[in-house]
Every structure is written in C-alpha cells, then in structure tokens.
Amino acid sequence: MAEVSVNATNETSATPAAKSRLLFVDNIRWSMIVLVLSMHAADTYSPFGNWYYVDRQETGFGTALFFGIYQSFLQAFFMAALFFVAGYFAAGAFDRKGFSRFARDRLVRLGLPTLLHMLVIGPLTQYFLSWTWGNGGFGHQWLIHLKDGEWLSETGPMWFCAVLLLVSLLYGLIRRTGWCEPQLALHGTGIILFVAAMAATTFAVRIATHADASVLNVHPGDLPQYILMFAAGSLGYRGNWMLGVAERSCTHWGLLALSLSVPLFAALVLFGGGLHGDTALYAGGFNFVSAGKCLWEALVCVGMGLVMLAVYRRYFDTQGPVAKWLSDNAFGVYLIHPPILIGLALLLHALPLFALTKALLLTMLAAIGSLAVSALILRKSPLRAII
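Residues numbered from 1 in each chain as written. Predicted model: local features only at pLDDT ≥ 70, side-chain atom pairs only at ≥ 80, totals over all residues. Heavy atoms only, no water.

## Let's talk about the packing of aromatic side chains
By the definition in use, this model includes 25 aromatic pairs. Measuring from ring centre to ring centre gives 6.1 Å for Trp 159 and Phe 160, while their planes differ by 90°; the resulting arrangement is edge-to-face. No difference in accessibility class separates Trp 159 from Phe 160, as the two residues are buried. Through pairs of rings, three or more aromatic residues link up here, namely Phe 83, Trp 159, Phe 160, Tyr 226, Phe 331 and Tyr 334. (Phe/Tyr/Trp six-rings, centres within 6.5 Å; stacked < 30°, edge-to-face > 60°. Buried < 20%, exposed > 50% of the residue type's maximum accessible area, 1.4 Å probe, protein only.)

This is the structure:
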C-alpha cells in the first residue's frame, strides 16, 4: 500500500475497507514521476521554468505557448497528487505505528534521501554537469558548500521529500494530541469549498510573498496547495475515498472542474499579458490575474485528481512485471534522474532538432537511463533500504 512519499508506497497498510495493495495507486505514483522527468526535460529547452542546466534556443510563439500550457498544467496537479497519496497513507501509518515509529520512519525514508541529494548528488551535478559552482576544484567548493550553510537550501528536486517530511511530522504532532480525522463523505459541496479554500489561501500567500521567494526550493505560494492536498488525503483515508467514492461522481466533478478551467486559462493568456511575453502578473500580487491563476490551478488540481482516481481505479488497477518494475524503481528514478537527465541533455546539445522534439527525446532517454541505474545499481546497493 502506498506510504507517505514517492518512495514510501512500498509498505502495505490497511485501508478502512480493504487490506489488499492498491495497485492503481502504485501506477499513479510512477506515472507522476515520469511526468517529473518530462517537466525537467521541458525546463531544459523551454523559455519558462528553472533547472540546473538549460539549453534554450529561439522558439516561435506556438512552441512557447505549448511549453507554457504543458508546464503550467503539470505544475498545477502532479506534485499535489503525490501529497494527497502521502496524506492518505500517513493516516493509516500513524494508526499502526504511533508517533515515535511514525516519525522515525519518515526521518529515514524522507530525510536520508534528501540529505544524500543535498550533500552528494546535488553538488556532483552542479560541479561536473551543470557548471553552476565556482572555481578551485570540487573538494574546495564542497567544503564551502558545507561551511556557509548553502547545502541547507540546495534540496533540488528533493524539495518534495523535505516539505513532505515537515508536513508529515506536523501531522504526527497533531495526531499525538489525540485528534483523529472525522469520517467525511466526499460530496459536491465539499469539493467546491475545497477548491475555493485552495484558491483563496494560495492567492493570499502570493500577495504576501515575493515572486522570487523560496523555501526549501519551493515557492511559498505553492505550499497551501500541497498542505491542503495532504490534509485531504488524510481525511480521504478515514472516509475511504480511494475505494468508496463512486466512479461516476469522480468523473462528473473532475470533468466539471477541468471544463471550467479551460475558458479561465484562455482568459488568463489573452488578458494577463501572456500573449506579449509579460508574465509578471501571473507570479502573484493583489490583482485579478494572480487570483484567476490561483483559481485555475485549484480547478486543475482537484479536477485531475478526481479524473485520475476514476481512470486509474477502473483501467489500471493491475500490475504485470513491467508495471511492478516501474513501481519498484519509481523513487530511485526520482532520486537519481537529475545528473542523468543533464548528462543526456549535454549529449543532445549538438543535434539540430526542434526544442519540443529534444524535450520528448530527452524525457524518454532520461527515463530509460534513470530506470537502469535504479534497478541495476541503487536497488542492489545499501541504498535499497531507503528507496
């Protein structure tokens, strides 16, 4: 059963309705991690986004628009889906383990891989591949990295595990007081109120924070979505939403949210400055464009979550050898993909291909390479215990 992180879905836990492994959740998990690779491949060639290494060429309006839509769409839901899964199975894990074991397990499963990236994988990637460190040799720069505390802000893609660790520990402390989630049914009114709460809190935080602000390598304006999705997951566990919510309800409300998001996105592009390359209003502040973007993100987040639940539960609740292998190696891919993806991007630099073609090719090659390293090296090493 899925545990509380991208790597923690390997532990079996009982839901209120069933004790069998939820294979469709495993399939959602590795699917989202493949999308992570595609996002970082897009960051490499797109005029938008941040990444260790970029290889940006001049792109036409159509290509820039495609990248903008794709990256914005992914950003609105794919990591939030993992936070929901995390919260869902955190509730059961705490029920079984109590605070001490729960906290220790999260520190090992989330904290150790994050430290591995901050102290080893990230520095090696920055010095030898992305060339974003200074001079004086790797050893010299690595010691500076430790002494000046830079490593504390260098979570890279492992921001997810760092944030999830803090949220999980906070959840554990709340549960330690004796509080427990009520058994709530998922219904339309609750979905509407949840979308509104997500949009409002995200908008409020983005008013109060600068566009360039960062906490653990994530913008504070994204945290309300992640925290709310984790909380929804824990409530969903108690209410057995994964298995108990009717497929028709998931599809109805999910498609309704997504259908509302389409004209809203078009309006944001037309009237928010996107057509002229001015994206400042999207980043936050007290304005209608930022408010609309926050609402759009909430609609996509909840809509995609409900649609995925219906589709994966109906069509992808099985695992053959390939899907199981993908699931077993999902977290290894998440941990090791940055240097592999960047190394492959360097090799592809000289190819005279369009940016979109390169992004697609890089996604496929990085997925293959990361899976191979995870399966053949990481999972045969002592690191197997934490991935």
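Okay, back to it.
## Notes on the nonpolar core
Met 79, Phe 160 and Met 242 are the most contacted members of the largest nonpolar core, which has 107 residues in total. With 25 residues, the top contributor of residues to this core is helix α2 (residues 61-129). (Core = buried A, V, L, I, M, F, W, Y, C linked by side-chain atoms within 4.5 Å. Helix = DSSP H or I, 4+ residues; strand = E, 2+ residues; numbered from the N terminus.)

## As for the packing of helix α11 (residues 330-348) against helix α12 (residues 355-376)
Orientation of α11 relative to α12, taken along the N-to-C sense of each, is 130°, at an axis distance of 8 Å. Between α11 and α12, the angle is such that the two are oblique. Crossing angle aside, the handedness with which α11 passes α12 is right-handed. The residues of α12 that touch α11, namely those facing Gly 332, Val 333, Ile 336, His 337, Ile 340, Leu 341, Leu 344, Ala 345 and Leu 348, are Lys 358, Leu 361, Leu 362, Leu 365, Ala 366, Gly 369, Ser 370, Leu 371, Val 373 and Ser 374. Tallied by class, the residues present in the contact of α11 with α12 amount to 13 nonpolar, 5 polar and 1 charged. (Axes fitted to C-alpha atoms, helices over the stretch in contact; angles between N-to-C directions. Parallel < 35°, antiparallel > 145°, perpendicular 65-115°, else oblique. Left-handed = near helix turned anticlockwise from the far one by under 90°. Contact = heavy atoms within 4.5 Å. Nonpolar A, V, L, I, M, F, W, Y, C, P; charged D, E, K, R; others polar.)

## Quick look at the environment of Phe 265
Locating Phe 265 in the fold gives a position in helix α8 (residues 247-271). Considered as a pair, Phe 265 and Lys 293 are 28 residues apart in the sequence and their alpha carbons are 7.6 Å apart. Sequence-distant contacts of Phe 265, defined by excluding residues within four places in its chain, comprise Ile 69, Ser 72 and Trp 296.

## Points about the pattern of salt bridges
Evaluated as defined, the whole model comprises 14 salt bridges. Of the charged contacts, one joins Asp 95 and Arg 175 as a salt bridge, the two residues approaching to 2.6 Å between their closest N and O atoms. Placement of the pair is Asp 95 in helix α2 and Arg 175 in helix α4 (residues 159-176), with a sequence separation of 80 residues. Classification of Asp 95 by relative accessible area gives partly exposed; the value is 38%. A residue is classified by how much of its surface remains accessible, and Arg 175, at 9% relative accessible area, is buried. Taking the shortest distance from any N to any O, the salt bridge between Lys 97 and Asp 105 comes out at 3.5 Å. Each of the salt bridges in this network shares a partner with another, and the network as a whole consists of Asp 95, Arg 175, Glu 181 and Arg 238. (Salt bridge = Lys/Arg side-chain N within 4 Å of Asp/Glu carboxyl O.)

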